[in-house]
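Secondary and tertiary structure notes
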Amino acid sequence: MTSVSFSTRLPCGNRVLDLAHTHVMGILNVTPDSFSDGGRFSQLDAALRHAEAMVAAGATLIDVGGESTRPGARAVSPLEELERVAPIVERIHRELDVIISVDTSTPAVMRETARLGAGLINDVRSLQRDGALDAAAATGLPVCLMHMLGEPGDMQNDPHYRNVTEEVCAFLAERMAQCAAVGIAAERIVLDPGFGFAKTLQHNLSLFKHMEALNVFGRPLLVGVSRKSMIGHTLNRPVGERLYGGLALAALAMGKGARILRVHDVAETVDVVRMITAVEMAE
Ligand code: 9MG
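Every chain's residues receive numbers from 1 upward, in the order its sequence appears when written. Restriction of local features to residues with pLDDT of at least 70 applies here, the model being predicted, together with a cutoff of 80 or more for giving and counting side-chain atom pairs; totals for whole chains, interfaces and linings are based on all residues. The side-chain values count all of the structure's non-hydrogen atoms but skip hydrogen atoms and water molecules.

**Considering the overall build of the protein chain**
Under the DSSP-based scheme used, a helix requires at least four consecutive residues in state H or I and a strand at least two consecutive residues in state E, with every element numbered from the N terminus. Scanning the protein chain for helices and strands turns up nine helices and ten strands. When we talk radius of gyration, it's over C-alpha atoms, and the globule rule is simply 2.2 Å times the number of residues to the 0.38. The C-alpha radius of gyration computed for the protein chain amounts to 18 Å, which stays within 12% of the reference 19 Å derived for 283 residues, consistent with globular compactness. Oriented by its inertia axes, the alpha-carbon framework of the protein chain measures out at about 45 × 40 × 40 Å. Across the 283 residues of the protein chain, 51% fall into the buried class. Relative to all contacts within the protein chain whose residues are 6 or more apart in sequence, the contacts with residues 24 or more apart total 69%. The Shrake-Rupley method, run with a 1.4 Å probe sphere, supplies the accessible areas, and residue values consider only the shown protein chains as cover. A total accessible area of about 12,700 Å² is found for the protein chain, and carbon and sulfur atoms account for 53% of it. Averaging the locations of the 27 positively and 33 negatively charged side chains of the protein chain gives two centres separated by 0 Å. Accessibility here uses a 1.4 Å probe with only protein chains present; expressed as a share of the type maximum, an area under 20% marks a residue as buried, one over 50% as exposed, and anything in between as partly exposed. Here, two residues are considered to be in contact whenever any of their heavy atoms come within 4.5 Å of each other. Positive charges come from Lys and Arg, negative ones from Asp and Glu, while His and the chain ends are left out of the count. Charge coordinates come from a single atom per side chain, which is NZ of Lys, CZ of Arg, CG of Asp or CD of Glu.

In structure tokens, the structure reads:
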């Protein structure tokens, strides 16, 4: 395992994430099309059952998101987002032994879900929405800062970089400085290169190859590539056939220092993590 310069203890609300080894974060989307059979309560139950299955499969974090980041997705109001996310955060906190990450850029959602038991804020916009820096600071929770240029709706409109890895590092350095200015200490920050966000296939592949460069910040890395188009375009696979490509990238990411892998296929990724960890722990 890549040696690390950060404290391996990351307090996440009432739980602590031990970053001495790599964790699997299961993805739980609670957009209306995610659990579309039945009414409101059966949707909540279905989402809870899915979270429960991911925890049983070895996820130590569940990332709950109520606003799609897919290009072309409809924007949702803060109230709509909160109504999607808050009930499931409350149920998971009450019923499951897992750290809840909330995939949100919305200050009101950060504040309210922190109150309901969330342990991590995962913001693909790196706290750039109005009021997000102050809201995240007030929660006391750790924050995942991810690289993206523009908004999900326009981010894939011909992105350009002189050197993608250097520019991702410069962006993350600037966001860490903004965090420091509002009292979010570096010790509360997790960094994410943002695969698939404002990047062409070649940008994604190059950034992945040089991902170790992000370790210069001395912060844990979160990597999300599960089922993404960088796998689809490389292997010419539709979304339902990207598992093996994703597992290959998960193994590679671990070797480059990733401490959290954000995935749909939890059981399979947990096997990858356990196998690599077993080899690394051997004499
Ligand atoms: C919400 N979301 C979708 N993809 C993601 C990724 O790669 N990283 C993080 N942190 N969040 C993501």
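Having seen it, we continue.
**Things to note about the packing of helix H5 (residues 164-181) against helix H6 (residues 201-209)**
Axis definition: a line fit to C-alpha positions, over the contact stretch in the case of helices; interaxial angles, taken between N-to-C directions, run 0 to 180 degrees. In the contact formed by H5 and H6, the axes pass within 9 Å of each other and the chain directions differ by 75°. Taken together, the axes of H5 and H6 are roughly perpendicular relative to one another. Residues Val164, Thr165 and Val168 of H5 form the contact with H6, whose own contacting residues are His203, Ser206 and Leu207. When residues are grouped by polarity, Ala, Val, Leu, Ile, Met, Phe, Trp, Tyr, Cys and Pro land in nonpolar, Asp, Glu, Lys and Arg in charged, and all others, Gly among them, in polar. Here the contact of H5 with H6 is composed, by residue class, of three nonpolar, three polar and no charged. Any angle that falls under 35 degrees is termed roughly parallel, while one over 145 is termed roughly antiparallel, one within 65 to 115 roughly perpendicular, and all others oblique.

**Overview of H6**
Each α-helix winds once per 3.6 residues, and so residues spaced three or four apart point in a common direction. Among all positions in H6, only His203, Asn204, Leu207 and Phe208 are buried. Taken around the axis of H6, the buried residues stretch over an arc of 125°, which confines them to a single face. What points out from H6, more than 90 degrees from its buried face, is the exposed set Gln202 and Lys209. Contact partners of the buried residues in H6: H5, strand E9 (221-223), helix H7 (229-235) and helix H8 (243-255). This arc corresponds to the set of directions leading from the helix axis out to the C-beta atoms.

**Details of the layout of surface pockets**
Within this scheme a cavity is a closed region of a 1 Å grid, computed over the protein atoms alone, that accommodates a 1.4 Å probe without allowing it to escape, whereas a pocket is open but has protein on both sides within 12 Å along at least five of seven lines; lining residues each have an atom within 4 Å of a point. Grid points are joined across faces, edges and corners, and a volume is the space filled by probe spheres set on the points. If you add up the space inside the largest pocket, you get close to 950 Å³. Surrounding the largest pocket, 34 residues form its lining, Asn29, Thr69, Arg70, Arg262 and His264 being those nearest its centre. Broken down by element, the residue count for the lining of the largest pocket peaks at three residues, all from strand E3 (residues 23-29). When grouped by side-chain class, the residues that make up the lining of the largest pocket number eleven nonpolar, 14 polar and nine charged.

**A look at empty space enclosed by the protein**
One pass over the full model with this rule turns up three cavities of 30 Å³ or more. Approximately 120 Å³ is the volume attributed to the largest cavity. Taken together, 14 residues line the largest cavity, and the ones lying closest to its centre are Ser226, Gly246, Leu247, Val263 and Thr269. Elements with a contribution of two residues or more to the lining of the largest cavity: H8 and strand E10 (258-263).

**A closer look at the site of the ligand**
Put simply, a residue is near a molecule or strand once any heavy atom of it comes within 4 Å of that molecule or strand. Inspection of the region around the ligand gives Asp103, Asn122, Val124, Cys144, Met146, Asp192, Phe197, Leu222, Gly224, Lys228 and Arg262 as its neighbouring residues. Identification of polar contacts relies on pairs of N or O atoms within 3.5 Å, with a donor-acceptor requirement for protein atoms, meaning one able to donate a hydrogen and the other able to accept it, and with residues adjacent in sequence counted only if both atoms are side-chain atoms. At a separation of 2.7 Å, a nitrogen atom of the ligand approaches a polar side-chain atom of asparagine 122. Contact between the ligand and glycine 224: an oxygen atom at 3.2 Å from a main-chain N or O atom of the residue. Taking 310 Å² as the accessible area of the ligand by itself, protein coverage stands at 96%.

**As for unusual backbone geometry**
Of note, serine 126 is a non-glycine position whose phi angle comes to about 50°, a positive value. Looking at where serine 126 falls in the secondary structure, it is placed in the loop between strand E6 (120-123) and helix H4 (132-139). Exposure remark for serine 126: the relative accessible area of 0% places this residue in the buried category. A positive phi is found at arginine 227, a non-glycine position, where the angle reads about 60°. Within the secondary structure layout, arginine 227 lies in the loop between E9 and H7. For arginine 227, a relative accessible area of 34% translates into the label partly exposed.

**A look at the pairing of strand E4 (residues 61-65)**
With five of its five residues buried, E4 lies for the most part within the structure. Burial along E4 is two-sided: the face carrying Leu61, Asp63 and Gly65 and the face carrying Ile62 and Val64 are both buried. Only when DSSP finds a minimum of two bridges between them are two strands counted as paired. Relative to strand E5 (residues 99-103), E4 runs parallel, the two sharing five bridges. Bridged to leucine 61 within E5 is isoleucine 99.

Such coordinate-based values are descriptive only and should not be taken to indicate function.
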